[in-house]
Amino acid sequence: MAEEPETEPEIEARLPEQDSFEPPESFVEQANVTDDPRDEFDENWPQCWENAADKLDWFDGYDEVLDDSDAPFYEWFVGGKLNACYECVDRHVEDGRGDATALSWEGEEGETREYTYEELLDEVQAFAAGLRDVGVEEDDVVTMYMPMVPELPIAMLACARIGAPHNVVFAGFSADALRTRMENASSDFLVTCDSYYRRGEKLDHKKKADRGAPDEATKIVVGRFERYVPTDGEYAYRELVTRHEGASVEPVERDAEDMLFLMYTSGTTGTPKGVKHTTGGYLSYAAWTSHAVLDLKPEDTYWCAADIGWITGHSYIVYGPLSLGTTSLMYEGAPDYPTKNRLWEMVEGYGVDVFYTAPTAVRAFMKWGTEHPESHDLSSLRLLGTVGEPINPRAWKWYYRYIGGEDCPIVDTWWQTETGGMMVTTLPGVDEMKPGSAGPPLPGIDARVVDESGDEVDAGDAGYLTVHKPWPGMLRTVYGDDERYLSEYWETYSDEDADEWVYFPEDGAKIDDDGYITVLGRVDDVVNVSGHRLGTMELESSIVGVEGVAEAAVVGGEHDVKGEAVYAYVIVEEGQDTDDTFREEIVDAVEDDIGPFARPEEVVFTDALPKTRSGKIMRRLLEDIASGDELGDTSTLRNPDVVKDIERKLEK
Ligand code: WT7
């Protein structure tokens, strides 16, 4: 019974018109949090954070919630002892929930695997024993470079079990990016995989891993389709696990402040930063926000369609949901493979209750058409979420109408790699929703919008997002670089003499009369492509590394699906051809240095870049050109003609 796809005006007509939405009654009735805890948290700060710590079963209770004596090097739940793997696995088995499903996995080609909490415990212990066998000791950093296969969370949990911090590198990153991260983390161990499918194409992942890993690294390789035969200095994952089958490995007692993992992220300057997260604060925060915002319950089937290679997957595929004993669904492949129905087939097939994705995905769904979600029974869904970039009101309403059936609250969650967990969002059973605005800060989070001098802006005015109190999930430092931690995050708005510390996330924002925050985007030189953070400086240095390139400027331009796309303006050396072959060479260099997801959307060859009279590149102008926006006053330019020239080239 093939129905005619709806036309644009028909779709539009069915989108709700109002600008605010109350949480649906059906949701409120069963929500984890229904009375707004914000006042109580404020009055009782920082003790209020016991609410988060109470989500865990500590081996040894902490003596103090917060030690701020060496701010901004804060310590949380001081003296407490715990093990993150025990919290996410063992205790659910001890509670008699060993038969409940922990991980449900689906490969791109349709194969499935399931691990109950008991099975997960067995495999994690066997692999933990295997890690020790190959020489991993407590506090050694173990790098993981693999796609979305169950062995990834298993390896993370096995590391957590023996107190070895993990350092997951997104599989889409290049060999070079892997090397930088392993070197910076002084990591001598790599867990990787031989190959995987992406949109039906088999990728030789091991080749990339071999090029990137330092020579002396010990490698453990997952055979994705068949038994992996290790060469010198390598081990096969399956062989190690088989050898240690039935092993019992005690979860080591970690201090609350011991490092749980490192996660690298991009900033304005220099090399990627190793964001350091700890065991007690991070895990409490991931568990608490999963409870309060994602409303997770043990009986839920929950799907976060992100990749574990990013922080979203760490906090909300692995640590948050598993600490609460939920079933976390993992999908290996592309959302439109083999058809654009894939995600909705999975939601229907698994009976997904809570679904969390990025606005870029929602915009893609909109483009693909309503017939895909409409031909599936999505009634199991009770809550939807987004993360990674601002969501435009139209995409929000489409998500609400066509995926949620106007029956599911949407949480638009603002946070960062550095914050460890969600910071600004509505509580789904409490707060009214306003499409396009993330919402008020979470309980206990003192987020504000300030002007250049740090004073709060009036409602409706644009300013900078700042956080005026620490929180348990916060990063503790930039790995090996306390100076950079201070200068990147604290220097801008803190008053050191007064011991007043203000965290600066480098986002622009607005706030309304109800205290709802609309995040406008990065104010530093970072491009947000499909929710992935890319430093323009990393991109530029990759491009100027190509022989024949004299100068390059990279900016983000608006893109209707990706949010932002990479635009590269390139000046070539005398005699260098500016044909498609050379353009391709530049794009390839970026792919090689960073990864395919960083590919420039456009490479524009130009004779000059717009510069001020003092010689500074006018980035904002280049952004406006890339976005096709109206250009403001260009009279302060040293070379106003160049702007016309670039605009003309982009139009063709
Ligand atoms: C940057 C952090 C948090 C996990 C994924 C990205 C942007 C994130 C939102 C949102 C508007 C958002 C910010 C932030 N961002 N969530 N709900 N609304 N912008 O983590 O790579 O560390 O990037 O993503 O610009 O600073 P990340």
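Provided above is the structure to which this section pertains.
Residues numbered from 1 in each chain as written. Predicted model: local features only at pLDDT ≥ 70, side-chain atom pairs only at ≥ 80, totals over all residues. Heavy atoms only, no water.

Caption draft 1: Molecular detail of the site of the ligand. Around the ligand, a shell composed of 17 residues is seen, among which Asp412, Thr417, Asp507, Arg522 and Arg533 lie nearest. Between the ligand and Glu389 there is a distance of 3.3 Å, counted from a nitrogen atom to a backbone nitrogen or oxygen. Note that a nitrogen atom of the ligand is positioned 2.8 Å from one of the backbone N or O atoms of Thr413. Computed on the free molecule, the ligand has an accessible area of 560 Å², of which 96% lies beneath the protein chains in the complex. (Near = heavy atom within 4 Å. Polar contact = N/O pair within 3.5 Å; in protein donor to acceptor, adjacent residues only side chain to side chain. Areas by Shrake-Rupley, 256 points an atom, 1.4 Å probe, with all protein chains shown as cover.)

Caption draft 2: Local environment of helix H11 (residues 280-292). In a regular helix each residue adds 1.5 Å, so 13 residues correspond to 18 Å; H11 covers 18 Å between its end C-alpha atoms and thus fits that length. Across the 13 residues that make up H11, a large majority, 13, are buried. (Helix = DSSP H or I, 4+ residues; strand = E, 2+ residues; numbered from the N terminus. Expected span 1.5 Å × (residues − 1). Buried < 20%, exposed > 50% of the residue type's maximum accessible area, 1.4 Å probe, protein only.)

Caption draft 3: View of the side chain of Glu540. Examined against the element boundaries, Glu540 turns out to sit in helix H18 (residues 536-544). Among the residues examined, Glu540 registers a relative accessible area of 13% and is labelled buried. Separated by 2.6 Å, the side chains of Glu540 and Arg619 make a polar contact. Discounting residues that sit within four places of it in the chain, Glu540 has contacts with Ala552, Ala553, Val554 and Arg619. (Contact = heavy atoms within 4.5 Å.)

Caption draft 4: Region of interest: the pairing of strand E18 (residues 354-357). Side-chain alternation along E18 places Val354 and Tyr356 on one buried face and Phe355 and Thr357 on a second face that is also buried. Pairing between strand E16 (residues 301-304) and E18: three bridges, direction parallel. Bridging from a neighbouring strand, Trp303 pairs with Phe355 of E18. Inspection of the sheet shows E18 paired to strand E19 (residues 383-387) by four bridges, in the parallel sense. The residue of E19 that forms the bridge with Tyr356 is Gly385. (Pairing = 2+ DSSP bridges.)

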